Amino acid sequence: LPSEILTLVKENDVAGLKIQMDQTAFTLEPDTFGTVEAGQTINLAAEVVENAVVSKPSQAEPLASIPVMEFSASVGGQQVKSFAKPIEVTFDVSSIDTSKYSGANLENLTVYLLNNESLTWEAVGGKYDPVTQTVTTPRGHFSRYTVMLAKAAFTDVSANHWAVQEINYLLNKGILDQSAEFRP
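Residues numbered from 1 in each chain as written. Predicted model: local features only at pLDDT ≥ 70, side-chain atom pairs only at ≥ 80, totals over all residues. Heavy atoms only, no water.

Caption draft 1: Unusual backbone geometry, seen in detail. The backbone phi angle of Asp-13 is positive, close to 55 degrees, even though this residue is not glycine. Positionally, Asp-13 belongs in the loop between helix H1 (4–11) and strand S1 (17–21). Under the relative-accessibility criterion, Asp-13 is labelled exposed at 70%. Of note, the phi angle at Gln-133 is positive, near 50 degrees, even though the residue is not glycine. For Gln-133, the location among the structural elements is in the loop between strand S10 (127–129) and strand S11 (134–139). (Helix = DSSP H or I, 4+ residues; strand = E, 2+ residues; numbered from the N terminus. Buried < 20%, exposed > 50% of the residue type's maximum accessible area, 1.4 Å probe, protein only.)

Caption draft 2: Broad picture of the environment of Ala-45. Within the secondary structure, Ala-45 is located in strand S3 (residues 42–48). Once the C-alpha coordinates of Ala-45 and Ser-74 are considered, the two residues, 29 residues apart in sequence, prove to be 9.0 Å apart. Not counting chain neighbours up to four residues away, the residues in contact with Ala-45 comprise Met-21, Phe-26, Glu-70, Phe-71 and Ser-72. (Contact = heavy atoms within 4.5 Å.)

Caption draft 3: Region of interest: the sheet that holds strand S7 (residues 87–92). On the basis of which strands lie adjacent, the open sheet formed by five strands has the order S1-S2-S7-S11-S10 and antiparallel pairing. In this open sheet, the two edge strands, each paired with only one partner strand, are S1 and S10. On average, each strand axis in the sheet is tilted by 25 degrees relative to the strand beside it, whichever way the strands run. Relative to strand S2 (residues 24–28), S1 runs antiparallel, the two being bridged by five bridges. Paired with Ile-19 across the strands is Phe-26, a residue of S2. (Pairing = 2+ DSSP bridges. Axes fitted to C-alpha atoms, helices over the stretch in contact; angles between N-to-C directions.)

Caption draft 4: Layout of the nonpolar core. Grouped together as the largest cluster of nonpolar side chains are 33 residues, with contacts concentrated most on Phe-33, Leu-44, Phe-71, Leu-109 and Phe-142. Of all the elements in the fold, those that place two or more residues in this core are S2, S3, strand S5 (69–75), S7, strand S8 (109–115) and strand S12 (144–150). For this core, the leading source of residues is S5, giving four residues. Beyond its immediate chain neighbours, meaning those up to four positions away, Phe-142 contacts Phe-26, Leu-44, Phe-71, Ser-72, Ala-73, Phe-83, Ile-87 and Val-89. Judged by nonpolar contacts, the second largest core, of eight residues, contains Val-49, Ala-60, Val-68 and Leu-114. (Core = buried A, V, L, I, M, F, W, Y, C linked by side-chain atoms within 4.5 Å.)

Caption draft 5: Region of interest: the pattern of salt bridges. According to the stated counting rule, one finds four salt bridges in the structure shown. Across the pair Glu-29 and Lys-85 runs a salt bridge whose closest N-O atoms are separated by 2.5 Å. With Glu-29 in the loop between S2 and S3 and Lys-85 in the loop between strand S6 (78–79) and S7, the pair connects residues that are 56 residues apart, well separated along the chain. Put simply, Glu-70 and Arg-144 hold a salt bridge, and the shortest N to O gap is 3.3 Å. Of the two residues, Glu-70 is situated in strand S5 and Arg-144 in strand S12; the sequence distance between them amounts to 74 residues. (Salt bridge = Lys/Arg side-chain N within 4 Å of Asp/Glu carboxyl O.)

Caption draft 6: A look at the side chain of Thr-32. Within the secondary structure, Thr-32 sits in the loop between S2 and S3. Look at Thr-32 and you get buried, because its relative accessible area is 1%. There is a polar contact of 2.8 Å between the side chain of Thr-32 and the backbone nitrogen of Glu-29. (Polar contact = N/O pair within 3.5 Å; in protein donor to acceptor, adjacent residues only side chain to side chain.)

Caption draft 7: Representation of the environment of Val-9 within the structure. As for its placement among the helices and strands, Val-9 is situated in helix H1. Between the alpha carbons of Val-9 and Glu-29 there is a distance of 7.5 Å; along the sequence they are 20 residues apart. In contact with Val-9, other than residues within four places in its own chain, are Val-14, Gly-16, Leu-17 and Pro-30.

Caption draft 8: Local environment of the pairing of S11. In terms of strand pairing, S7 meets S11 through six bridges, oriented antiparallel. Counterpart to Ile-87 in the pairing with S11 is Arg-139. One ladder, built from three bridges, connects S10 with S11; its direction is antiparallel. Residue pairing in the sheet places Tyr-128 in a bridge with Val-135 of S11.

Structure (structure tokens):
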């Protein structure tokens, strides 16, 4: 993309430019990359990672139809390590047979990031939209991502606790850490 496209987005008061790439999409805002000089080229890539042999999280179900994706960006030939402002990353999950899952289960479709140091998957959020059949989450950098069905639950929160669904939702989205008990 020519950098001038972000200038046009800003000048025309457009909220963001959504770029669709196969099963994923990115929403760029004028300040996503910070200051971009006129004439620079912005390159975005979304590639399916073949043979991503990494063990799955113990409390998540990989979805065969959702690949591991590696995202990258560069501005003026320089790799972008992080964004000046997080961007929305959207995954198309329409290939999932939703008749197998309840609405509550589908709410637990979660974006996972591959931690390159520990080679483990980490939940990083995601909001499922049943109308568009997508999962969207803001990201401050690119890496390897996929969508899985999170199934984590605190063992010390009873099934009839008044907030069990909300507590486990926060756990499944990576907002709460399961390294300890919840202790309601």
